[in-house]
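Here's the letter readout for the chains.
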Amino acid sequence: MTPAQTQPLESTTTLRHDWTRDEVAALFSKPFNDLLFIAHSVHRQFHDPNAVQISTLLSIKTGACPEDCKYCSQSGHYATGLEKEKLLEIEKVVAEAREAQAKGASRFCMGAAWRSPQAKDMPYVLEMVRQVKELNMETCMTLGMLDAHQARQLAEAGLDYYNHNLDTSPEYYQHIITTRRYQDRLDTLENVRTAGMKVCCGGILGLGEGRQDRIALLQQLANLPQHPESVPINRLIKIPGTPLAEAEPIDSLEFIRSIAVARITMPQSMVRLSAGRESMSDEMQALCFFAGANSIFYGEKLLTAGNPATDRDRLLFERLGLYALQSGTMSEQTQQNTALASSPPLYYDAMAVRHNADLTA
Ligand code: SAM
Ligand code: DTB
Ligand code: SF4
């Protein structure tokens, strides 16, 4: 069955960029079953519900970061015991990309612990992009803030995605990071867009924020001039030595709700169940996929922290009947499904949704 045939909603979704906080809050407040039903219906309308895009991460420059993000193992402000590493050699990065591709990753994401790249680093990272592209993999980088020139350089080298997260609400941001402003993040996102790259932008949950901050984060993301193609939702991995080492974990159902709201407000985007899967049960991950997550990081290490064993992920995919999207198929699928979707806005009425569901039974 195609996604269009299985979706129970009569009307379909248009992309909106004018979400109010009250509207996002109303989604969060829905009964869990209603919220998940709506999110899953939207998901089927735009995506193959059993396809998951797989990315693999590599830290290309580790630790000693001048920024003070309170969650991060790599910040030079905290004693986390992390071993620092200079910018890796290009050959080493390409070898890692080749290995990730052999294991099924369609995208290779390279992360550097910088506030922003320096001019002397650019030729190396540009060459990394060119050589990983030659493997016929999608490329993503996260190097901190970019000015317009750096963004153009990366785009010209062929970089597909740039990851730069808003992390939390504008109001809570200063409690988490003091060395830059929310507006700095928005400026980099604009430079990335203007240069023509795809945007990967999301946040972390479990920083001690309240629901109002999760609402505001998702509202910010959904109201960007264009939705990020990729929306990573990270669950805080508590790093000893950081100020958030003892943070109260976010409730699992609240995390799943957040995935569902991301799916509803950014229907066409890939929502990535990002850091923190190691601490999630298979059942919780299954609910995240049902709620609209359709991308993961695969491989036993993220940048510095752990990720589920590849055997566990393979088994999970098998048990859930999920399969890995091949490079390129995601955008084709999204385009196809977008073409299937017509213009009337989705009417978020749980009773109407139930009624329509009955009609398709
Ligand atoms: N330095 C770059 C920057 O800040 O944009 C990129 C690297 S940073 C590690 C990328 C993202 O990873 C952060 O924005 C944050 O959302 C996530 N992250 C970092 N440490 C994390 C942790 N301990 N748990 C969960 N997510 C984390
Ligand atoms: C994102 O949102 N999550 C990834 C990726 N973008 C770069 C990074 C997760 C990092 C988790 C902590 C670590 O490995 O140090
Ligand atoms: Fe540096 Fe990025 Fe970590 Fe912040 S999240 S300390 S900018 S590596």
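Residues numbered from 1 in each chain as written. Chains lettered and ligands numbered in written order. Predicted model: local features only at pLDDT ≥ 70, side-chain atom pairs only at ≥ 80, totals over all residues. Heavy atoms only, no water.

Colleague: Whenever I open this one, the overall build of the protein chain confuses me. Can you help?
Modeller: Helix and strand counts for the protein chain come out as 14 helices and 10 strands. Buried positions account for 58% of the 361 residues belonging to the protein chain. Taking the intrachain contacts of the protein chain between residues at least 6 apart in sequence as the baseline, contacts between residues at least 24 apart amount to 77%. Working note: accessible area of the protein chain is about 15300 Å², and carbon and sulfur atoms make up 52% of it. (Helix = DSSP H or I, 4+ residues; strand = E, 2+ residues; numbered from the N terminus. Buried < 20%, exposed > 50% of the residue type's maximum accessible area, 1.4 Å probe, protein only. Contact = heavy atoms within 4.5 Å. Areas by Shrake-Rupley, 256 points an atom, 1.4 Å probe, with all protein chains shown as cover.)

Colleague: In this structure, what is going on with the pattern of salt bridges? I would like to understand it.
Modeller: Proximity of charged atoms lets side chains of opposite charge pair with each other. Considering all chains together, one arrives at 20 salt bridges under this definition. For aspartate 184, the salt bridge goes to arginine 181, with nearest N and O atoms at 3.0 Å. Arginine 181 gets classed as exposed once you look at its relative accessible area, which sits at 51%. Here arginine 214 and glutamate 209 are joined by a salt bridge, their closest N and O atoms 2.9 Å apart. The buried category is assigned to arginine 214, whose relative accessible area is 9%. Salt bridges sharing partners connect three or more residues here, namely Glu209, Arg211, Arg214 and Glu254. (Salt bridge = Lys/Arg side-chain N within 4 Å of Asp/Glu carboxyl O.)

Colleague: How should the pairing of strand E9 (residues 293-297) be read in this particular structure?
Modeller: Every other side chain in a regular strand lies on the same face of the sheet, so the side chains alternate between the two faces. Of all the five residues making up E9, five are buried; the element is thus mostly covered by neighbouring parts of the structure. For strand E1 (residues 51-61) and E9, the ladder comprises three bridges, and the chain directions are parallel. Directly across from glutamine 53, in E9, lies its bridge partner serine 295. Where strand E8 (residues 270-273) meets E9, three bridges bridge the pair, whose relative direction is parallel. (Pairing = 2+ DSSP bridges.)

Colleague: Would you mind going over the packing of helix H5 (residues 122-134) against helix H6 (residues 148-157) with me for this structure?
Modeller: When two helices pack together, their arrangement is given by the angle between the helix axes and by the axis-to-axis distance. H6 packs onto H5 with a crossing angle of 30° between their chain directions and a minimal axis gap of 8 Å. If you check the angle between H5 and H6, you find them roughly parallel. As H5 packs across H6, the resulting crossing turns out to be right-handed. Residues Met122, Val125, Leu126, Val129 and Arg130 of H5 pack against Gln150, Gln153, Leu154 and Ala157 of H6. When grouped by side-chain class, the residues that make up the contact of H5 with H6 number six nonpolar, two polar and one charged. (Axes fitted to C-alpha atoms, helices over the stretch in contact; angles between N-to-C directions. Parallel < 35°, antiparallel > 145°, perpendicular 65-115°, else oblique. Left-handed = near helix turned anticlockwise from the far one by under 90°. Nonpolar A, V, L, I, M, F, W, Y, C, P; charged D, E, K, R; others polar.)

Colleague: What is the right way to read the layout of surface pockets from this model?
Modeller: Once rolled over the atoms, a probe with the size of a water molecule shows which space is left empty. In this structure, the largest pocket spans a volume of roughly 410 Å³. The wall of the largest pocket is formed by 23 residues, among which Leu57, Leu58, Glu96, Lys301 and Leu302 lie closest to the centre. For the lining of the largest pocket, the secondary structure elements donating two or more residues are E1 and helix H4 (90-102). Residue classes in the lining of the largest pocket are distributed as nine nonpolar, six polar and eight charged. (1 Å grid on protein atoms, 1.4 Å probe; cavity = no way out; pocket = protein on both sides within 12 Å on 5 of 7 lines; lining within 4 Å. Points joined across faces, edges and corners; volume = space filled by probe spheres on them.)

Colleague: Before we go on, may I ask you to explain the environment of leucine 287 in this structure?
Modeller: Here leucine 287 is to be found in helix H11 (residues 282-291). Looking at leucine 287, the relative accessible area reads 32%, which means it is partly exposed. Setting aside residues up to four positions removed in sequence, leucine 287 forms contacts with Leu36 and Ile256.

Colleague: For this particular structure, what's the right way to read H5?
Modeller: Side chains that are three or four residues apart share a direction in an α-helix, a result of its 3.6 residues per turn. With 13 residues, H5 extends 19 Å between its outermost C-alpha atoms, agreeing within 8% with the 18 Å of an ideal straight helix rising 1.5 Å per residue. Within the span of H5, buried status applies to Met122, Val125, Leu126, Met128, Val129 and Val132. The buried residues of H5 all sit within an arc of 155° when viewed along its axis, so they share a single face. Looking one or two residues past H5, asparagine 136 carries a phi angle of roughly 70°, positive in sign. (Expected span 1.5 Å × (residues − 1). Arc of directions from axis to C-beta.)

Colleague: What am I meant to see in empty space enclosed by the protein here?
Modeller: Counted under the stated rule, the structure contains two cavities of 30 Å³ or more. If you add up the space inside the largest cavity, you get close to 870 Å³. If you go around the largest cavity, you meet 42 residues; those closest to its centre are Tyr71, Cys72, Gln74, Asn165 and Leu303. Looking at the lining of the largest cavity, the elements that each hand over two or more residues are strand E2 (107-112), strand E3 (138-142) and strand E7 (230-235).

Colleague: Would you mind going over the packing of aromatic side chains with me for this structure?
Modeller: Here a ring pair, both rings aromatic, is described through the centre-centre distance and the interplanar angle of the planes. By the definition in use, this model includes two aromatic pairs. The interplanar angle of 80° and the centroid separation of 5.1 Å between the aromatic rings of tyrosine 173 and tyrosine 182 together place this pair among those described as edge-to-face. Comparing tyrosine 173 with tyrosine 182 shows no difference in burial state: the two are buried. Consider the rings of phenylalanine 289 and phenylalanine 317, whose centres lie 6.5 Å apart with planes at 85°: the pair is edge-to-face. One end of the pair, phenylalanine 289, is in helix H11; the other, phenylalanine 317, is in helix H12 (residues 310-320), with 28 residues separating them in the sequence. The buried category is assigned to phenylalanine 289, whose relative accessible area is 5%. For phenylalanine 317, a relative accessible area of 11% translates into the label buried. When the ring centre of phenylalanine 255 is taken as reference, the NZ or CZ atom of arginine 235 above it lies at 6.0 Å. Directly above the aromatic system of phenylalanine 297 lies the positively charged group of arginine 272, at a separation of 4.5 Å from the ring centroid. (Phe/Tyr/Trp six-rings, centres within 6.5 Å; stacked < 30°, edge-to-face > 60°. Lys NZ or Arg CZ within 6 Å of the ring centre and 35° of its normal.)

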